[in-house]
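Examining the three-dimensional arrangement
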Amino acid sequence: MAHLGYHVLLGSGTNGTSMASPHLAGVAALLASVYPTATPADLRAKLAAQADDLACPTSDTRCTGTTAKNSFYSEGRVDAYEAVSTSSPSPSPPASPTGSPTCSGQQFGNPGFESGNTVWTASSGVIGQWGSSGEPAHGGTWDAWLDGYGSTRTDTLSQSVTIPAGCKATLTCYLHIDTAETTSSTQYDKLTLAVGSTTLATLSNLNKASGYTLRSYDLSSYTGQTVTIKFTGVEDGSLQTSFVLDDTSLTLS
Ligand SMILES: [Ca+2]
Ligand SMILES: [Ca+2]
């Protein structure tokens with residue numbers, strides 16, 4: 001195997017092909033058994049790739065050359081185990097588990113509507129810049145204004161979100177309700193919040209207030225599910241009620 005051109009140090013101060021050959025031949029034989037079709041050139045390349053670079057001993061001036069290749073160690077000390085073990089087709093490591101999802105962060109896209117009429121699925125005339133129409137945003141310049149026509153009308157606003165298993169989820173939004181209704185007892189115009197097919201909350205003209213009110217709902221029972229969050233405003237045939245939403249969030253914890 002001398003044509004492989006490797007010099008291996010065996011024992012202190014002893015170097016040379018004559019001493020190295022048995023060891024090198026053994027490594028080459030191992031490689032050949034792993035790669036039965038390998039040519040001597042292939043084996044040389046693999047040995048070079050696996051050789052440990054060794055610098056010249058500082059105490060011995062007979063050694064000249066670089067760490068990668070010098071007169072004592074040529075291209076280094078052949079590591080039989082490494083040459084074979086890294087040449088062999090090794091089984092793929094098991095896929096690392098994805099681990100627990102990170103139960104943090106806000107899940108809605110376009111939560112404050114500042115990207116305009118996108119991400120959300122909304123009726124026409126819901127997402128807009130309504131400040132000059134008397135329904136200013138809570139944050140920025142965009143909000144979602146459901147109803148407000150004073151005639152029979154249904155407006156919807158929805159978005160699908162995923163709540164990873166094991167996570168708690170809280171839905172919050174800023175809601176402003178103003179109305180021309182004067183009753184203090186009858187829900188003529190209603191806004192419902194549904195998660196999937198379940199109605200989570202119903203608000204109405206009775207909840208009118210100046211400015212925005214922060215609303216908060218626990219969605220933890222939907223953990224591990226992808227659900228559609230949907231606001232539906234249903235107005236009767238007279239006296240407008242406006243339901244104005246802004247700065248929504250669905251936060252995991
Ligand atoms: Ca906004
Ligand atoms: Ca009404």
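A closer look at the overall build of the protein chain
Along the backbone of the protein chain there are three helices and ten strands. Counted from the first residue to the last, the protein chain has its helices and strands arranged as α-α-α-β-β-β-β-β-β-β-β-β-β. The proportion of buried residues among the 253 residues of the protein chain is 31%. In the protein chain, of all internal contacts separated by at least 6 residues, the share reaching a separation of at least 24 is 72%.

A look at the pairing of strand 7 (residues 198–204)
Strand direction decides the pairing type here: strand 6 (residues 190–195) and strand 7, joined by six bridges, are antiparallel. Bridging across to strand 7, T192 finds its partner in T202. Hairpin connection from strand 6 to strand 7: two residues lie between these consecutive antiparallel strands, with G196 at a positive phi of about 65 degrees.

Focus on the environment of P136
Its location among the elements puts P136 in the loop between strand 2 (127–128) and strand 3 (143–147). For P136, a count of 16 C-beta atoms within 10 Å puts it in the partly exposed group. C-alpha of P136 to C-alpha of V244: the two residues are 108 residues apart in sequence and 8.9 Å apart in space.

With respect to the nonpolar core
If you look at the biggest cluster of nonpolar residues, it comprises 33 residues, and the most contacted ones within it are A144, L146, L157 and L245. Looking at this core, the elements with two or more residues in it are strand 3, strand 4 (153–163), strand 5 (169–179), strand 6, strand 9 (225–235) and strand 10 (241–252). No other element matches the six residues that strand 5 contributes to this core. Excluding residues within four positions of it along the chain, L157 makes contact with W120, A122, V126, A144, L146, F231 and L245.

Considerations on the sheet that holds strand 8 (residues 213–218)
Ordered by their spatial adjacency, five strands build an open sheet running 2-3-10-5-8, and the pairing between neighbours is antiparallel. Lying at the two open borders of the sheet, with one neighbouring strand each, are strand 2 and strand 8.

Some points on unusual backbone geometry
The backbone phi angle of N110 is positive, close to 50 degrees, even though this residue is not glycine. With respect to the helices, strands and loops of the structure, N110 is situated in the loop between helix 3 (80–87) and strand 1 (121–122). You can call N110 partly exposed: it has 16 C-beta atoms within 10 Å. Here the phi dihedral of D247 falls at roughly 45 degrees; this positive angle occurs in a residue that is not glycine. Tracing the backbone shows D247 in strand 10. Classification of D247 as buried rests on a count of 20 C-beta atoms within 10 Å.

Some words on the sheet that holds strand 9
In spatial order, the strands read 1-4-9-6-7; together these five strands make up an open sheet with antiparallel pairing. The open sheet has two edge strands with one neighbour each: strand 1 and strand 7. As paired strands, strand 6 and strand 9 are joined by six bridges and run antiparallel to one another. The residue bridging V195 from the neighbouring strand is I229, located in strand 9.

Description of the environment of C103
In this structure, C103 sits in the loop between helix 3 and strand 1. Taking the C-alpha atoms as reference points, C103 and S253, 150 residues apart in sequence, are found 4.7 Å from one another. Not counting chain neighbours up to four residues away, the residues in contact with C103 comprise P164, G166, C167, K168, L252 and S253.

Re the pairing of strand 10
Walk down a regular strand and you will see the side chains alternate between the two sheet faces. Along strand 10, ten of the twelve residues are buried, which leaves the element largely enclosed by surrounding structure. By the bridge criterion, four bridges tie strand 3 to strand 10 in an arrangement that is antiparallel. When the sheet's bridge partners are listed, W145 is paired in strand 10 with V244. Summarising the sheet, strand 5 and strand 10 pair through ten bridges and their orientation is antiparallel. The residue bridging A169 from the neighbouring strand is L252, located in strand 10.

With respect to the environment of F108
Inspection of the secondary structure assignment puts F108 in the loop between helix 3 and strand 1. Of the residues examined, F108 has 18 C-beta atoms within 10 Å and is grouped as partly exposed. Each residue touching F108, except ones within four places of it in the same chain, is listed here: Q159, V161, T248, S249 and L250.

Calculation criteria
- Residues numbered from 1 in each chain as written.
- Chains lettered and ligands numbered in written order.
- Predicted model: local features only at pLDDT ≥ 70, side-chain atom pairs only at ≥ 80, totals over all residues.
- Helix = DSSP H or I, 4+ residues; strand = E, 2+ residues; numbered from the N terminus.
- Buried ≥ 20, exposed ≤ 12 C-beta atoms within 10 Å, placed from the backbone.
- Contact = placed C-beta atoms within 7 Å.
- Pairing = 2+ DSSP bridges.
- Core = buried A, V, L, I, M, F, W, Y, C linked by C-beta atoms within 7 Å.

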